[in-house]
Amino acid sequence: MICDQYIIIRNAVNYIALVGNKALADLDEKAGYYGEKIVLEAQMLGLNTCWVAGTYGKGKCKAEKSASEKIVCVIAIGYGENEGSNHKSKSLEKLCALKKDDMPTWFRNGMLAATLAPTALNQQKFVIDIDGQDAVISAGKGPMTKIDLGIVRYNFEAASGHTCRKI
Ligand SMILES: Cc1cc2nc3c(=O)[nH]c(=O)nc-3n(C[C@H](O)[C@H](O)[C@H](O)COP(=O)(O)O)c2cc1C
């Protein structure tokens, strides 16, 4: 363990590289959203995964890409030595403008999944609010917060069945 936010990944021979067109303004967010979709599917199949954006040999990544594309990050995938442990989470009040008692069930389900979403350095720099039948999410500033935004949006939508729009 390097620090409590970084996990040492050993013997990770398989990984998924998230690659996309550099010109897309929301490439990082898209990588987070669709990457999390793959992650949840893999976890449901009994596999283990870990998002890695920083601590890997970027030059060694074998993903094919054209000159107009970039590797956003990778996801290590395989059978883990264990299932990992729950990360510490900010309180609901810090991640949401709504009080718990004022949340409809779908929103509360979405919020729970959002707090469980992995974020880089476990930073959880997002705030979610309700807007009619939708949720709206805003991200704080900092490295990898746009990838995190996509991941959290996917988790919220998968658990709540309602759209989570970016503002
Ligand atoms: C976008 C993103 C990038 C990450 N990059 C790294 C990384 O470079 N190295 C690492 O050890 N962990 C990395 N992680 C893993 C996080 O540190 C970990 O997901 C977070 O601490 C929450 O823990 P959990 O995944 O157990 O919920 C990354 C996670 C995300 C979402």
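For the structure itself, consult the block above.
**Quick word on the overall build of the protein chain**
The helix and strand tally for the protein chain stands at four helices and six strands. The N-to-C order of helical and strand elements in the protein chain reads β-α-β-β-α-α-β-β-α-β. For 167 residues, the compact-globule estimate of 2.2 N^0.38 gives 15 Å, and the C-alpha radius of gyration of the protein chain, at 16 Å, lies within 12% of that figure. Buried positions account for 29% of the 167 residues belonging to the protein chain. When contacts within the protein chain are restricted to residue pairs at least 6 apart in sequence, those whose partners lie at least 24 apart make up 70%.

**Brief notes about the site of the ligand**
By nearness alone, 21 residues border the ligand, and W51, A53, G54, P118 and N122 come closest of all. Its residues placed into classes, the shell around the ligand shows 13 nonpolar, seven polar and one charged.

**What to know about the packing of helix α1 (residues 27–44) against helix α4 (residues 145–160)**
Between α1 and α4, the least distance of the axes is 6 Å, while the angle of their chain directions is 45°. Relative to α4, the element α1 is oriented oblique. You can see that α1 and α4 cross each other, and the crossing is right-handed. Two secondary-structure elements touch here, α1 through D28, E29, K30, A31, G32, Y33, E36, K37 and L40 and α4 through K146, I147, D148, L149, G150, I151, R153, Y154, N155 and A158. Tallied by class, residues from the contact of α1 with α4 come to eight nonpolar, three polar and eight charged.

**Structural notes on the packing of helix α3 (residues 105–116) against α4**
In contact at an axis separation of 7 Å, α3 and α4 are set at 145° when each is read in the N-to-C sense. Two packed elements cross with a definite hand, and for α3 against α4 that hand is right-handed. Of the residues in α4, those in contact with W106, F107, N109, G110, L112, A113, A114 and L116 of α3 are V152, N155, F156, A158, A159 and S160. Within the contact of α3 with α4, the residues separate by chemical class into 10 nonpolar, four polar and no charged.

Conventions used here
Residues numbered from 1 in each chain as written. Predicted model: local features only at pLDDT ≥ 70, side-chain atom pairs only at ≥ 80, totals over all residues. Helix = DSSP H or I, 4+ residues; strand = E, 2+ residues; numbered from the N terminus. Rg over C-alpha atoms; globule rule 2.2 N^0.38 Å. Buried ≥ 20, exposed ≤ 12 C-beta atoms within 10 Å, placed from the backbone. Contact = placed C-beta atoms within 7 Å. Near = placed C-beta within 6 Å. Nonpolar A, V, L, I, M, F, W, Y, C, P; charged D, E, K, R; others polar. Axes fitted to C-alpha atoms, helices over the stretch in contact; angles between N-to-C directions. Parallel < 35°, antiparallel > 145°, perpendicular 65-115°, else oblique. Left-handed = near helix turned anticlockwise from the far one by under 90°.

Keep in mind these values describe shape, not function.
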